[in-house]
Amino acid sequence: MTAVLQKLSAFFRRVPFNREKAHQAQHPFWVIVRKETMDQINSRRFIILLGLMLLTAIASLYTAMSSLQSAISEDTSTSFVFLKLFTATDGTLPPFITFISLLGPIIGIALGFDAVNSERSRGTLSRLLAQPISRDYIINAKFVASLSIISMMVITLGLLMFGMGILLTGIPPTPEEFWRIFFFLLVSIVYIGVWLNLAIMFSVKFKQSATSALSGLAVWLFFSLFFTMLVNIIVQSTMPTQVTDVNQLISYQSFVQNLLRISPSQLFSEATTTLLVPTIRTLGPVTVEQASYALAGPLPLGQSLLLVWPQLTCLVAEACLIFGLSYVLFMKQEVRSRL
Amino acid sequence: MISDTIIELNGLTKKYEQLTAVDYLTLSVHRGEIFGLLGPNGAGKTTTILMLLGLAEPTAGKIEVCGIDPTFQPLIVKEKVGYLPDEVGFYENLSGWENLLYTAALNRITISVAEERARHLLGQVGLTQKAHEKVQTYSRGMKQRLGLADILIKEPEIIILDEPTNGIDPEGVRELLTLIKQLNREKGMTVLLSSHNLHQVQQICDRVGLFVEGKLIAIGPIKELASDLFKNDPVLLEVEAEPVDEQLLTAIKTNQYVTKVEQKQNCLLIFSRQHVSAEIAGIIVSHGARLSHLNQHDYGLDEIYHRYFEGGM
């Protein structure tokens with residue numbers, strides 16, 4: 001694997017240089033992107049993360065395979081066998097989507113937690129800023145480099161799942177399944193991007209990279225462990241004691257749901273489950289009346305997308321908001337070497 | 001002397017919440033000279049330099065570097081100015097060569113030109129041998145020399161060095177200063193350097209500005225500066241005698257040229273307007289005290305430093 005990585009980094013080194021030989025200097029922004037990408041690929045953490053991702057793929061395929069038989073026989077209404085590879089589980093290990101919602105933040109945090117403060121502590125930031133480049137190139141380029149690495153990882157992982165799935169089951173994915181998985185991967189990239197931006201923000205805010213890594217992990221732990229507990233407490237204390245009509249109950253229910261949706265992992269899991277389980281028709285409460293005449297059956301891809309559109313928008317908005325914050329923080333920060 | 005002004009500061013002021021880091025600074029640096037910004041730590045030297053590069057915004061005042069205001073057009077200024085920060089850092093996992101090429105690429109220098117310049121500069125700073133080794137194996141002095149090569153790769157008109165001699169051994173300092181002097185002479189490059197170490201600055205600076213608490217208190221060639229600052233009592237006598245009593249002190253003070261006497265146990269510091277060592281020795285001996293040491297100082301930077309930076313105004 002290291003040989004492959006070396007080749008990859010040699011490739012990154014060579015390609016742009018050859019282009020420059022044609023007496024056309026590259027734009028400084030892409031110079032920084034290239035260097036950051038190279039740094040990440042050459043770093044040990046990249047190898048560790050790659051290993052983690054591979055393990056995830058293998059483990060989730062294994063657990064999906066062992067439960068695929070029963071999952072298919074249970075549910076005869078759909079023919080989305082391939083999607084089951086991503087969602088099915090035999091109970092011993094979580095399925096692929098849960099893995100991603102758990103590991104995604106770690107990947108994002110690992111790639112971003114020392115983005116700015118390591119430059120500062122190494123004393124390279126002031127040297128970089130003394131070059132004739134706009135200040136925002138640095139943070140933008142770091143974001144672009146890390147996000148492209150994340151995209152590369154996620155897409156590789158998805159293709160790996162495809163390949164192994166076809167080999168193991170012998171069933172090729174239908175075009176609709178392909179597009180569903182494609183969108184799922186896209187959402188995963190955005191989701192990991194949210195955490196990457198959070199990590200970058202902490203790296204701007206905190207001078208010590210250990211502090212920023214810890215803060216990132218703390219936020220992640222908060223949302224994955226304590227947040228639902230907190231919401232439960234709020235629910236218990238604010239639940240209406242006397243329910244007079246259905247609307248009240250429904251509006252209360254949606255209030256609780258919206259509270260839960262503050263967490264990016266909740267948004268992510270809602271979006272991805274809907275994309276990968278076509279039979280999900282709604283994310284909110286359904287009354288018996290509404291359900292009584294509905295025909296059980298999968299939604300077409302367009303409808304599934306429409307259903308999770310708000311979630312997708314929210315995730316993108318969260319990513320943009322956090323990046324905007326770190327951008328402003330970075331632009332306003334004092335430039336002192338190693339302070 | 002070349003009198004073409006390249007850096008012009010006019011009433012430059014920088015305030016942080018309560019602290020005034022730079023207080024109404026007016027200063028001009030001529031093209032082709034080596035100008036030293038002198039002052040203790042925290043005097044506002046780095047802040048001034050950052051404002052020159054457009055990396056910090058002045059609260060008030062005007063700056064012109066090569067005729068351009070860096071606050072509004074920092075990119076153009078940064079093309080013309082090379083800045084070596086205090087404690088410069090490099091990407092440790094890359095070689096010195098790669099670090100230089102990266103800087104060159106950020107300055108939109110094509111690879112063929114950059115390679116040629118890097119080869120030449122690494123030779124000039126004496127790092128050809130180590131060029132392809134990772135920077136983490138470099139010593140502090142080597143990094144500083146690499147830093148010099150790094151700012152020169154864009155062929156700047158002005159180089160600004162912030163505490164360039166910090167933390168380098170004496171031999172390294174000598175090499176670095178010779179190099180700076182050489183660059184200044186050969187390429188006519190303007191050099192602005194900040195330092196708290198006066199002896200080093202004394203060796204190479206054409207002019208210096210003394211900086212205390214954000215204020216420029218004196219400016220000019222070092223020699224003129226000393227006589228200017230000490231026109232009241234330009235001579236300092238260091239005398240050690242035993243015993244020293246009140247009578248002796250008053251006797252010394254009555255000498256018409258002596259302006260001030262400070263006593264530290266048996267050691268006396270006598271400030272005077274003229275050379276009075278013979279008279280002082282005579283007074284001491286005639287008082288029956290034993291004179292063991294008498295030293296006449298000419299004012300160097302140490303005294304300037306002591307009186308203006310450490311002792312306060």
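Our subject is the structure listed above.
A brief report on the enclosed structure follows. Throughout, residues of each chain are indexed from 1 in the direction in which the sequence is written. Chains carry letters from A onward and ligands carry numbers from 1 onward, assigned in written order. Where local features are concerned, this predicted model is filtered to residues with pLDDT of at least 70; where side-chain atom pairs are given and counted, the filter is 80 or more; whole-chain, interface and lining totals use all residues. Derived side-chain values reflect all non-hydrogen atoms in the structure, with water molecules and hydrogen atoms excluded from consideration.

## A few points about the packing of helix H9 (residues 175–205) of chain A against helix H12 (residues 264–276) of chain A
All names here are of chain A.
(1) Moving on: Here, axes are lines fitted to C-alpha atoms. For helices the fit covers the stretch in contact, and angles between N-to-C directions go from 0 to 180 degrees. Secondary structure counts use DSSP, requiring at least four H or I residues in a row for a helix and at least two E residues in a row for a strand, with both numbered from the N terminus. Running from N to C, H9 and H12 cross one another at 175 degrees; their axes reach a closest spacing of 9 Å. Looking at the two axes, H9 sits roughly antiparallel to H12. Here Arg180, Ile181, Phe183, Phe184, Val187, Ser188, Tyr191, Val194 and Trp195 of H9 lie close against H12, whose contacting residues are Pro264, Ser265, Phe268, Ala271, Thr272, Thr274, Leu275 and Leu276.
(2) Moving on: In this classification, the charged set is Asp, Glu, Lys and Arg, the nonpolar set is Ala, Val, Leu, Ile, Met, Phe, Trp, Tyr, Cys and Pro, and all remaining amino acids, among them Gly, are polar. Class assignment for the residues of the contact of H9 with H12 results in 12 nonpolar, four polar and one charged. Roughly parallel means an angle under 35 degrees; roughly antiparallel means over 145; roughly perpendicular covers 65 to 115; every other angle is labelled oblique. Contacts were defined at the residue level, with two residues in contact if any of their heavy atoms lie within 4.5 Å.

## Comments concerning unusual backbone geometry
Residue and element names in this part refer to chain B.
(1) Moving on: The omega angle of the peptide bond from Glu242 to Pro243 is -10 degrees, so this bond is cis rather than trans.
(2) Moving on: With respect to the helices, strands and loops of the structure, Pro243 is situated in the loop between strand E10 (235–242) and helix H9 (246–253).
(3) Moving on: A positive phi angle, close to 55 degrees, is found at Cys66, a residue other than glycine.
(4) Moving on: By relative accessible area, Cys66 is classed as buried at 18%.
(5) Moving on: One non-glycine residue, Glu163, lies in positive phi territory at about 45 degrees.
(6) Moving on: Tracing the chain through its elements places Glu163 in the loop between strand E6 (158–162) and helix H6 (170–187).
(7) Moving on: For the exposure calls, accessible area comes from a 1.4 Å probe over protein chains only, and a residue counts as buried if that area is under 20% of its type's maximum, exposed if over 50%, partly exposed in between. Judged by its relative accessible area of 5%, Glu163 is buried.

## Overview of the sheet that holds strand E9 (residues 215–220) of chain B
Residue and element names in this part refer to chain B.
(1) Moving on: Following DSSP output, two strands are said to pair if at least two bridges run between them. On the basis of which strands lie adjacent, the open sheet formed by six strands has the order E5-E6-E7-E3-E8-E9 and mixed pairing. Strand pairing shows two members of the sheet lacking a second neighbour, strand E5 (81–84) and E9, which therefore form its edges. With strand direction ignored, the average angle separating the axes of adjacent strands in the sheet is 15 degrees.
(2) Moving on: Alignment of strand E3 (residues 34–38) against strand E8 (residues 207–212), held across four bridges, turns out to be parallel.

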